[in-house]
Amino acid sequence: MQPLKIDKRDTIEIWTINLPEVANAITDEDFIAAFEAAVDFANADTAVRAIILTGEGKVFSAGGNVKEMADRRGMFGLDAIYQRYAYVDGIQRLPRALTRLEVPIIAAVNGAAVGAGCDLAAMCDIRIASERASFAESFVQLGLVPGDGGTWFLQRAIGYARAAEMTFTGDRINAETALEWGLVSRVVEHDELLTAATDLATRVIKNPPHALRMAKRLLRESRTGELESTLGMAAAMQPLAHQDAEHVRRIGKWRTA
């Protein structure tokens, strides 16, 4: 079974976490490697203009494999010093991969997004939720901390105070609360989730691909960079955009409209 199914629909790719037997847990090495490979292929293929990430079955992702934790199997059975490296060489590869992804990615959250699953959704550029979706930064309830970079991503999505509430309580929030807090941009009927995500992706891919990738890079860098460095990057990117054939074509159409 493929841990990550990829369905290509013209210039849109739908990535489905395909591990329903473990509630789409994302700590398995096979899944992490498949996810990294998908990112690298998307970056290299300029025909890919947008990606939708969702989960197979009723769950978006339960995050870590709790049964393996309880049984102390795999990385969870290592001594502390080696477990540290297992996190760096394991699940922390996911945020690094998503940070280097050049293509806009939309999380279509079809069900529960718990722990690292919640963080994975927060790592995406845009999030749309099914009415059945829920979110929990549940690590503390198991006596753990977010080991996957969730403290960095979640507060940038919903602000420090609300991220602190989710992190310190571990409480689950429903789709409507996620919308109110800005964790998702839209809540739709469950059966309409992929249609809504695809419609959004279609609006994205109408724009020139090189400009899209540069705009995403600029947005990402602007989250942590100083204004002057952001201005410098924008000044370097914009002349490239001005020379792109798609810009020349579109500005020509605008002049004659």
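Within each chain, residues carry numbers counting from 1 in the order of the written sequence. Local features in this predicted model are restricted to residues of pLDDT 70 or higher, and side-chain atom pairs are both shown and tallied only at a pLDDT of 80 or more, whereas totals for entire chains, interfaces and linings draw on every residue. Side-chain measures were taken over the full set of non-hydrogen atoms in the model, leaving aside hydrogen atoms and water.

- Naming follows an unreviewed UniProt entry, where the protein appears as Enoyl-CoA hydratase of Mycolicibacterium brisbanense.

Section: the side chain of Thr-11
Step number 1: Only runs of H or I of at least four residues qualify as helices and only runs of E of at least two qualify as strands under DSSP, and these elements are numbered from the N terminus. In this structure, Thr-11 sits in the loop between β1 (4–9) and β2 (12–17).
Step number 2: Relative accessibility thresholds used throughout: buried, under 20% of the residue-type maximum; exposed, over 50%; partly exposed, between the two (1.4 Å probe, protein chains only). Given the relative accessible area of 16%, Thr-11 is considered buried.
Step number 3: In contact with Thr-11, other than residues within four places in its own chain, are Ala-47, Val-48, Arg-49, Ala-50 and Ile-205. Residue contacts follow a heavy-atom distance rule, with two residues in contact if any of their heavy atoms lie within 4.5 Å.

Structural notes on the packing of aromatic side chains
Step number 1: Each aromatic pair joins two rings of Phe, Tyr and Trp (for Trp, the six-membered one) with centres within 6.5 Å, and gets the label stacked for planes under 30 degrees apart, edge-to-face for over 60, and tilted for any other angle. As enumerated under the stated definition, the model contains three aromatic pairs in all.
Step number 2: Ring plane angle 85° and centroid distance 5.4 Å describe the contact between Trp-15 and Phe-35, whose orientation is recorded as edge-to-face. A residue pair is termed long-range when its members are at least 10 positions apart, and Trp-15 in strand β2 and Phe-35 in helix α1 (residues 29–44) qualify at 20 residues. When sorted by exposure, Trp-15 lands in the same class as Phe-35, which is buried.

Some details on the state of the cysteines
Step number 1: Whenever a pair of cysteine sulfur atoms sits within 2.5 Å, that pair is classed as a disulfide. In total, this model carries zero disulfides according to the counting rule given.
Step number 2: Take Cys-118: it sits in no disulfide, and the sulfur closest to it among the cysteines is that of Cys-124, at 11 Å.
Step number 3: You can call Cys-124 buried: its relative accessible area is 4%.

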